[in-house]
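Residue-level listing of the chains:
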Amino acid sequence: MKCDVAIIGAGPSGLLLAHLLQQAGLEPVVLERRSMDYVLGRIRAGVLEKTTTELLERLGLDARMKAEGLIHDGFHLADGENLIRIDLAELTGSSVMVYGQSEVQQDLIDAIPQRGLNIVWEAEDVTLHNVDSDSPSVTYSSGGESHTLNPRFIAGCDGFHGPSRKAIPASAGTGHERVYPFGWLGILADVPPCDDELIYANHANGFALASMRSQTRSRYYIQAPLDTNLDDWSDDRIWDELAIRLGPDAGSKITRGPSIEKSIAPLRSFVFEPMKYGSLFLAGDAAHIVPPTGAKGLNLAASDVIYLSDALIAFFKSGDKDALDKYSARALARIWKSERFSWYLTSLMHQFPEHSSFEREMQRAELDYIANSRAARESIAENYIGLPL
Ligand code: RFL
Ligand code: PHB
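Reading guide: rules and limits
Residues numbered from 1 in each chain as written. Chains lettered and ligands numbered in written order. Predicted model: local features only at pLDDT ≥ 70, side-chain atom pairs only at ≥ 80, totals over all residues. Heavy atoms only, no water. Helix = DSSP H or I, 4+ residues; strand = E, 2+ residues; numbered from the N terminus. Buried < 20%, exposed > 50% of the residue type's maximum accessible area, 1.4 Å probe, protein only. Arc of directions from axis to C-beta. Contact = heavy atoms within 4.5 Å. Domains from an automatic or database assignment. Buried area = accessible area lost by both parts, 1.4 Å probe. Salt bridge = Lys/Arg side-chain N within 4 Å of Asp/Glu carboxyl O. Nonpolar A, V, L, I, M, F, W, Y, C, P; charged D, E, K, R; others polar. Near = heavy atom within 4 Å. Polar contact = N/O pair within 3.5 Å; in protein donor to acceptor, adjacent residues only side chain to side chain. Areas by Shrake-Rupley, 256 points an atom, 1.4 Å probe, with all protein chains shown as cover. Pairing = 2+ DSSP bridges. Axes fitted to C-alpha atoms, helices over the stretch in contact; angles between N-to-C directions. Parallel < 35°, antiparallel > 145°, perpendicular 65-115°, else oblique. Left-handed = near helix turned anticlockwise from the far one by under 90°. Disulfide = S-S within 2.5 Å.

**Things to note about unusual backbone geometry**
Then, number 1: Note the cis peptide between Glu 273 and Pro 274, where omega equals 0 degrees.
Then, number 2: Locating Pro 274 in the fold gives a position in the loop between β17 (259–273) and β18 (276–277).
Then, number 3: Even without glycine at this site, Glu 122 takes up a positive phi of about 55 degrees.
Then, number 4: Secondary-structure assignment places Glu 122 in the loop between β8 (118–120) and β9 (124–129).
Then, number 5: Here Glu 122 falls in the partly exposed class, since its relative accessible area comes to 46%.
Then, number 6: Of note, Ala 295 is a non-glycine position whose phi angle comes to about 60 degrees, a positive value.
Then, number 7: Within the secondary structure, Ala 295 is located in the loop between β20 (288–289) and α11 (297–318).

**Re helix α9 (residues 235–245)**
Then, number 1: Taken together, the buried positions of α9 are occupied by Asp 235, Ile 238, Trp 239, Glu 241, Leu 242 and Arg 245. End-on, the buried residues of α9 take up no more than an arc of 165 degrees, which puts them together on one face.
Then, number 2: Contacts from the buried residues of α9 go to β13 (174–189), β14 (199–203), β15 (206–212), β16 (218–224) and β17.
Then, number 3: Where α9 ends, the next residue or the one after it, Gly 247, has phi of about 90 degrees, a positive value.

**Some details on the domain arrangement of the chain**
Then, number 1: Its domain assignment divides the chain into domain 1 (2–70 + 98–177 + 269–346) and domain 2 (180–267 + 351–385).
Then, number 2: On a C-alpha basis, the centroid separation for the pair domain 1 and domain 2 is 29 Å.
Then, number 3: Around 1800 Å² of area is buried between domain 1 and domain 2 when both sides are counted, 63% of it from carbon and sulfur atoms.
Then, number 4: Taken together, the connections running from domain 1 to domain 2 amount to zero salt bridges.
Then, number 5: A total of six residues in the side of domain 1 that touches domain 2 trace back to one element, the largest contributor, which is helix α12 (residues 322–349).
Then, number 6: Within the side of domain 1 that touches domain 2, the residues separate by chemical class into eleven nonpolar, six polar and six charged.

**Points about the site of ligand 2**
Then, number 1: Taken together, 14 residues surround ligand 2, and among them Tyr 200, Ser 211, Arg 213, Tyr 221 and Pro 292 come closest.
Then, number 2: In the model, an oxygen atom of ligand 2 is placed 3.3 Å from a nitrogen or oxygen of the Arg 44 main chain.
Then, number 3: At 2.6 Å from an oxygen atom of ligand 2 is found a side-chain nitrogen or oxygen belonging to Tyr 221.
Then, number 4: Of all the secondary structure elements, the ones that give two or more residues to the shell around ligand 2 are β15 and β16.
Then, number 5: The residue makeup of the shell around ligand 2, split by class, is eight nonpolar, three polar and three charged.
Then, number 6: Residues lining the shell around ligand 2 come from more than one domain, with at least three contributed by each of domain 1 (2–70 + 98–177 + 269–346) and domain 2 (180–267 + 351–385).

**A few points about the site of ligand 1**
Then, number 1: In the vicinity of ligand 1 lie 32 residues, with Ser 13, Glu 32, Arg 42, Gln 101 and Leu 298 positioned nearest.
Then, number 2: At a separation of 2.6 Å, an oxygen atom of ligand 1 approaches a polar side-chain atom of Glu 32.
Then, number 3: Considered on its own, ligand 1 offers 1000 Å² of accessible surface; in the complex 88% of this is hidden by protein.
Then, number 4: When grouped by side-chain class, the residues that make up the shell around ligand 1 number 14 nonpolar, ten polar and eight charged.

**Some words on the pairing of strand β12 (residues 153–156)**
Then, number 1: Here β12 shows no split at all, with Phe 153 and Ala 155 on one side and Ile 154 and Gly 156 on the other all buried.
Then, number 2: Relative to strand β19 (residues 280–282), β12 runs parallel, the two being bridged by three bridges. Directly across from Ala 155, in β19, lies its bridge partner Phe 281.

**Concerning the sheet that holds β12**
Then, number 1: Taken in spatial order, the six strands of this open sheet run β8-β2-β1-β12-β19-β18, and their pairing is mixed. Every other strand in the sheet has two partners, leaving β8 and β18 as the edge strands with one partner each.
Then, number 2: Examined bridge by bridge, strand β1 (residues 5–8) and β12 share four bridges and lie parallel to one another. Looking at the pairing, Val 5 lines up with Phe 153 of β12.
Then, number 3: Strand contacts of helix α1 (residues 12–23): β1, β2 (28–31), β8 and β12, with the helix running at about 160 degrees to β1, the strand carrying the most contacts.

**Focus: the packing of helix α3 (residues 50–58) against α11**
Then, number 1: Their axes nearest at 9 Å, the elements α3 and α11 cross at an angle of 50 degrees. When the axes of α3 and α11 are compared, the pair comes out oblique. The handedness of the crossing between α3 and α11 is left-handed. Touching Thr 51, Thr 52, Leu 55 and Arg 58 of α3 are Asn 299, Ala 302, Val 305, Ile 306, Ser 309 and Asp 310, all from α11.

**Describing the state of the cysteines**
Then, number 1: Taken as a whole, this structure holds zero disulfides when the rule is applied.
Then, number 2: Between Cys 157, a free cysteine, and Cys 3, which holds the nearest cysteine sulfur, the sulfur-to-sulfur gap is 12 Å.
Then, number 3: Under the relative-accessibility criterion, Cys 157 is labelled buried at 4%.

**A word on the sheet that holds β9**
Then, number 1: Strand order across the open sheet formed by three strands is β9-β10-β11, with antiparallel pairing between neighbours. Every interior strand has two partners, whereas the edge strands, β9 and β11 (145–149), have only one. Pairwise comparison of adjacent strand axes, ignoring direction, gives a mean angle of 15 degrees for this sheet.
Then, number 2: Summarising the sheet, β9 and strand β10 (residues 137–142) pair through four bridges and their orientation is antiparallel. Of the residues in β10, the one forming a bridge with Thr 127 is Thr 139.

Right, dumping it as structure tokens:
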């Protein structure tokens, strides 16, 4: 099979990159460990920045998003009592799109046959070889048979736990990490959302987020200890806790219903640099993780692949390696700013076991400042809608 770029992973970064390269006339091959149904069933992000919606537009894969996605002109921070509205439209002239990552995945996957994209689902034992040379290879097995790809480049889009980052020798890069002492317990239910906009709440019992997928499907999260057992959290217990944490107004507007998905995700900040080693380029969660509080993970995956596809296309069209050499520095400049914002909102909105009354007062004072300062709200808004590429 001819292969210009072997892309490992069919999450948003792998599929977006594959479509961009294919659109430019290159021949990428995507290797995905899981089945298509498994990838489609993963419930994750919900908020898309303009960079991401414009990328889907550029690929001509924006029709369903435009028809079904919800444009949000603002969101709320809450201190358990009062709501502080961050008016994105008024403060920045822009907005965000609420459209689930599973829907984005569906749109990217639906277009695979029609665009002639090569993808191997359930590829086993994907292994990278000679990544430090100009002739790397990737071996894998599929349907009981062994295969080898000989691409010019490999794109590691295989998420935090994939093999790509691990193929880089420890001496060739640095990982920067912060692990938070809690996770998010998420619930998805076919009930109308409690508000038209998202609410991020800092309550003495812990953080809560009211989000949505549509006018009839809600997504909620609560901060929970890392050793939380999902069996201890009946739907009723989660609804009761959300009603407390979201405050009297939003809490009283929650519509309860049976969960259609429940999961717990740990929170982590992580950056690996550089994002290039020889002929291997990392993109998305393979190179960095943000805690979900800033809604940045999927959006960073999108900006990485915009930079990476530009650089790869320039190389295949003209042999110019300059943009490839600059990819890591260019991507990291945006990544670190999103890391900062995600860490800041996480620090502001959660209860930390190690905090004393002093740190809790700092959070309270910061929320009070945000409520009363346009400059503070403007700073939050410009980060939330996404910094320029
Ligand atoms: P993914 O989505 O993890 O995809 C990686 C793919 O690689 C495959 N893979 C392999 N394939 C072949 N061989 C191997 N050995 C492999 N090992 C792994 C995996 O099966 C998978 O298909 O990474 P990608 O593409 O970089 O995309 C990143 C995003 O998925 C992630 O950043 C976001 O979901 C984060 N995130 C959010 N991001 C936002 O922009 N806005 C949000 O509102 C938002 N909310 C969230 C989130 C993440 C969450 N969780 C579960 C951590 C909310 C939550 C709760
Ligand atoms: C979601 O709807 O899943 C969601 C929304 C906003 C976030 C994180 C997750 O910050």
